[in-house]
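Architecture and fold: a report
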Amino acid sequence: MSDDSIKTEDLSFALEGRLTASNIGPIWAEAAQTLERNPDRRVVVDASRLDYVDNTGIALLFDLKRRRRPKGAEIEIQGLAPNLATLVPDDDPEDLSGAAPQAPSVGLFEQIGRATEQQITYTQRMLAFLGDCGAAFLLATRRRGVVRWSETLSVATEAGANAVPIVLLIGFLMGVIIAFEIGLVARQFGAVIFVVDGVGVAMLRELGPLMTAIVFAGRTGAAFAAQIGTQKVNEEINAILTFGLDPIHFLVLPRLLAAVLVVPLLTVFADVVGLFGGALVLVSFDIGFVQFYNHLLGAVGMNDLLVGLLKAAVFGFAIAAIGCERGLSTGAGATSVGLSATSAVVTSIVWVVVLDGLFTVLLSG
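Nothing here was measured: the structure is a model prediction, and the numbers come from that model.

Glancing now at helix 7 (residues 164-188). Over its 25 residues, helix 7 runs 37 Å from end to end, which matches the ideal 36 Å to within 8%, given 1.5 Å per residue. Along helix 7, the residues classified as buried are V167, G171, M174, G175, I178, A179, G183 and A186. Downstream of helix 7 by one or two residues, G190 has phi in the positive range, about 65°.

This is how it looks when you write it as structure tokens:
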């Protein structure tokens, strides 16, 4: 008998050669006719001389193996090579046609427990990552050549210099809004001059670093997560490890240094334009620029500025660390990159607010 043919003799037939999409049609039709003509007879399929099957051949073997027949009229496939037998699924057709099992309902306490477990796991992973970053910082201070300063300056330019316009706009509007709202209330009590105190303290200690950090988180924190996440998806991180390089030193450390240096500088710009915006509004309340300046010098001190810059540096470190960690933990696919960027922004803003609250409580004296 030639290949790609089927021969019948009594209730036995043989499958030979190759079963592919090009020749499966007549073979499948003849096999079905043979089974229909002998509904109550046992059928033996000799597959010992079967060389190759593709998806359609596997479908034929599965159909023969799982056809419903009366008792004593079963179909038996004999001599099928082990490498081909592993390709034929053993699923019961009833299992395939049945409804998918319903997932068990999860109660409220179980949901809370799972969420708590996820947060604890993430906190442990984040603490371990911060430990690695701290070790990288210490190594950078002790050994020359560890920090890639060209990369650090490039990141600082992108994250800092290009962010100046939006920071100036936000800082100016914050100063204008604070001065106008407080001024309307203070004018009722004849205490408009004390609006200078509120604008100065609010901008230098609180709103300057806080609003700058929020803008930095939305603009740069997401970029860090997306950049490193894309490298993770493209397996560039694996290539870095293959070359014997540490991703913390190679990718994370330049971004951490750039953030720690850039955010305080941006905060200074926000403070200056915020104070200018407040002074501009107070002109309408009969407080001139010279009077505003003289009273500001007595209302705020160097400590207020230093506290704001310290906050800004800590905020920058936290935003860069969160963005890099989310990038390194990105899964597979473009969707994971987007999720990492979104998660980095949300987590960074939450932690910036939490850290600002801690600073306010600790430095309230």
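Confidence along the chain averages 83 in pLDDT terms, with 93% of residues attaining 70 or more. Counting contacts from residues 1-10, a segment whose pLDDT is below 50, to residues more than four positions away or on other chains yields 26 contacts.

By the element assignment, L251 lies in helix 10 (residues 247-282). Counting along the chain gives 164 residues from L251 to L87, while the straight-line C-alpha distance between them is 45 Å. Once you skip the residues sitting within four places of it in the chain, L251 turns out to touch Q231, I237 and I240.

It is worth spelling out the packing of aromatic side chains at this point. On inspection of all chains with the given rule, the structure shows three aromatic pairs. Consider the rings of F172 and F276, whose centres lie 6.4 Å apart with planes at 35°: the pair is tilted. Of this pair, F172 sits in helix 7 while F276 sits in helix 10; the two residues are 104 residues apart in sequence, bridging distant segments of the chain. Pairing F315 with F359 gives two aromatic rings, centres 6.5 Å apart and planes at 85°, and the pair type is edge-to-face. Taken together, the residues span a long stretch of sequence, with F315 in helix 12 (residues 302-328) and F359 in helix 13 (residues 334-362) at a distance of 44 residues. Ring-pair connections join several aromatic residues into one group, and the members of that group are F172, F276 and F289.

Grouped together as the largest cluster of nonpolar side chains are 43 residues, with contacts concentrated most on F129, F216, V252 and L328. At the level of secondary structure, the elements contributing two or more residues to this core comprise helix 5 (108-142), helix 6 (149-159), helix 8 (195-233), helix 9 (236-242), helix 10, helix 12 and helix 13.

Secondary-structure assignment places Q102 in the loop between helix 4 (93-97) and helix 5. On the accessibility criterion, Q102 (74% relative accessible area) is exposed. The sequence separation of Q102 and L15 amounts to 87 residues, and the corresponding C-alpha distance is 41 Å.

Moving on, we get to the side chain of T267. Tracing the backbone through its elements, the reader meets T267 in helix 10. Look at T267 and you get buried, because its relative accessible area is 0%. In this structure T267 touches G208, P209, T212 and A312, once residues within four positions along its chain are discounted.

On to the packing of helix 8 against helix 13. Where helix 8 contacts helix 13, the axes come no closer than 8 Å and their chain directions differ by 150°. One way to sum up the angle between helix 8 and helix 13 is to call them roughly antiparallel. The way helix 8 lies across helix 13 gives a crossing that is right-handed. Here the contact of helix 8 with helix 13 is composed, by residue class, of 14 nonpolar, seven polar and two charged.

Cut-offs used in this document
- Residues numbered from 1 in each chain as written.
- Predicted model: local features only at pLDDT ≥ 70, side-chain atom pairs only at ≥ 80, totals over all residues.
- Heavy atoms only, no water.
- Helix = DSSP H or I, 4+ residues; strand = E, 2+ residues; numbered from the N terminus.
- Expected span 1.5 Å × (residues − 1).
- Buried < 20%, exposed > 50% of the residue type's maximum accessible area, 1.4 Å probe, protein only.
- pLDDT = per-residue confidence, 0-100.
- Contact = heavy atoms within 4.5 Å.
- Phe/Tyr/Trp six-rings, centres within 6.5 Å; stacked < 30°, edge-to-face > 60°.
- Core = buried A, V, L, I, M, F, W, Y, C linked by side-chain atoms within 4.5 Å.
- Axes fitted to C-alpha atoms, helices over the stretch in contact; angles between N-to-C directions.
- Parallel < 35°, antiparallel > 145°, perpendicular 65-115°, else oblique.
- Left-handed = near helix turned anticlockwise from the far one by under 90°.
- Nonpolar A, V, L, I, M, F, W, Y, C, P; charged D, E, K, R; others polar.

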